[in-house]
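Fold and geometry: a report
Chain by chain, the residues:
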Amino acid sequence: MTGATLSIPNTHIRAVLDGYLERFPKEGDAAAPLIRALGGEPATSSPETPRVGHVTVGAVVLDPCWRVLMVRDAEREAWSLPGGPPTDADTALHEAARARLEEATGLTPEQDGSASDPLPLDLDVRPVPGTSDTEEPEGRHFTFLYLYRATAATVPAGSGALGAPAWRPHTDLPSARLAAKIAQVLATAREAVRA
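No experiment lies behind these values; they were computed from the predicted model shown.

**Focus on the overall build of the chain**
Along the backbone of the chain there are five helices and seven strands. Helices (α) and strands (β) of the chain occur, in sequence order from the N terminus, as α-α-β-β-β-β-α-α-β-β-β-α. Here the chain holds 195 residues, and 43% of them are scored as buried. Expressed as a percentage of contacts within the chain between residues at least 6 apart in sequence, the contacts between residues at least 24 apart total 70%. Carbon together with sulfur atoms contributes 54% to the accessible area of the chain, which is approximately 10,000 Å² in total.

**Let's talk about the pairing of strand E6 (residues 139–149)**
Sheet faces and side chains relate simply in a regular strand, where the side chains alternate between the two faces. Counting buried positions along E6 yields eight of eleven residues, so the element is predominantly enclosed. As judged from the nine bridges shared by strand E1 (residues 54–62) and E6, these two strands associate in the parallel manner. Note that in E6 the partner of leucine 62 across the bridge is arginine 149. Note that strand E5 (residues 122–128) and E6 share seven bridges and pair antiparallel. Bridge pairing in E6 places leucine 123 opposite phenylalanine 144.

**So, helix H1 (residues 10–23)**
The terminal C-alpha atoms of H1 lie 20 Å apart, and with 14 residues this matches the ideal 20 Å at 1.5 Å per residue to within 8%. Taken residue by residue, H1 has Ile13, Val16, Leu17, Gly19, Tyr20 and Leu21 as its buried positions.

**Side note on the nonpolar core**
Membership of the largest hydrophobic core comes to 26 residues, with the highest contact counts inside it found for Leu17, Val61, Leu93 and Phe144. Of all the elements in the fold, those that place two or more residues in this core are H1, helix H2 (28–38), E1, helix H3 (93–105) and E6. The leading source of residues in this core is H1, at five residues. Leucine 17 has contacts with Ala31, Leu34, Ile35, Leu38, Leu123 and Phe144, leaving out every residue within four places of it along the chain.

**Details of the packing of aromatic side chains**
All told, the structure shown has one aromatic pair when counted by the stated rule. Where tyrosine 20 meets phenylalanine 24, the ring centres are 4.9 Å apart and the plane angle is 50°; that geometry is what we call tilted. Positioned above the aromatic ring of phenylalanine 24, the side-chain terminus of lysine 181 is 3.8 Å from the ring centre.

**Quick notes on the side chain of aspartate 124**
Residue placement: aspartate 124 occurs in strand E5. A polar contact of 2.7 Å, which involves the side chain of aspartate 124, links it to the side chain of arginine 126. Setting aside chain neighbours within four positions, we find aspartate 124 in contact with His141, Phe142, Thr143, Leu145 and Arg177.

**Comments concerning unusual backbone geometry**
One non-glycine residue, tryptophan 66, lies in positive phi territory at about 65°. Position of tryptophan 66 relative to the elements: it lies in the loop between E1 and strand E2 (67–73).

**Regarding the environment of threonine 56**
Of note, threonine 56 is situated in strand E1. Residues contacting threonine 56, with those up to four places away along its chain left out, are Gly84, Pro85, Pro86, Phe142, Thr143 and Phe144.

**A word on the environment of valine 68**
Among the structural elements, valine 68 can be located in strand E2. For valine 68, a relative accessible area of 0% puts it in the buried group. Residues valine 68 and leucine 81, spaced 13 residues apart in sequence, show a C-alpha to C-alpha distance of 8.4 Å. With near-sequence residues (within four places) excluded, valine 68 lies in contact with Val60, Val61, Leu62, Leu81, Ala166, Trp167, Arg168, His170, Leu173 and Ile182.

**Overview of the confidence of the model for the chain**
A residue-level look at the chain finds 74% of positions with pLDDT of 70 or above and a mean pLDDT of 78. Looking at the elements of the chain, mean pLDDT is at its lowest for helix H4 (residues 109–112), recorded as 72, and at its highest for H1, recorded as 93. Segment residues 1–5: pLDDT under 50, and 15 contacts once partners within four positions in sequence are set aside and those in other chains are kept. In this model, residues 42–51 is a region of pLDDT below 50 whose contacts with residues beyond four sequence positions or in other chains number 34 contacts.

Thresholds, definitions, all that
Residues numbered from 1 in each chain as written. Predicted model: local features only at pLDDT ≥ 70, side-chain atom pairs only at ≥ 80, totals over all residues. Heavy atoms only, no water. Helix = DSSP H or I, 4+ residues; strand = E, 2+ residues; numbered from the N terminus. Buried < 20%, exposed > 50% of the residue type's maximum accessible area, 1.4 Å probe, protein only. Contact = heavy atoms within 4.5 Å. Areas by Shrake-Rupley, 256 points an atom, 1.4 Å probe, with all protein chains shown as cover. Pairing = 2+ DSSP bridges. Expected span 1.5 Å × (residues − 1). Core = buried A, V, L, I, M, F, W, Y, C linked by side-chain atoms within 4.5 Å. Phe/Tyr/Trp six-rings, centres within 6.5 Å; stacked < 30°, edge-to-face > 60°. Lys NZ or Arg CZ within 6 Å of the ring centre and 35° of its normal. Polar contact = N/O pair within 3.5 Å; in protein donor to acceptor, adjacent residues only side chain to side chain. pLDDT = per-residue confidence, 0-100.

Next up, the structure:
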């Protein structure tokens, strides 16, 4: 969001982050730069301030066969989760995740429901290299990933604005931590069925 101001207030991001870290306390070190940014340093890029962090959102959509919906990035020739930065119209992280999911895949709320948990399933932290042409320092992407359950394994044909969406095994995810969290969700669901 270089040159833009995040429409979602820092107080909301901090409340979501606090709830997330209460659930996953071992991830506090990775989230520390975002905590500092939310405490007064700029959380996102702007022309007046250097980049400390860049808050984005994403969706982890599981179908009834426990596959994950991913979007093919033709430029990078890689699969990624649907998502992106919040826009001025978004007032909460979960709203932004839902909107970016529909934009990237065409899935409507009727097809995938709402996020099954008000807290994100994962916080993905990735470095962003600095640029010499704009003299921006190295920063980080903080992506809040929300879990959705699709009601059917159908992806609207040709709906992905960023590339062709497809159902992939959760083991194809780029993050081993996220894959482990999905495996835990699956194990919990199986236990609930047996009970």
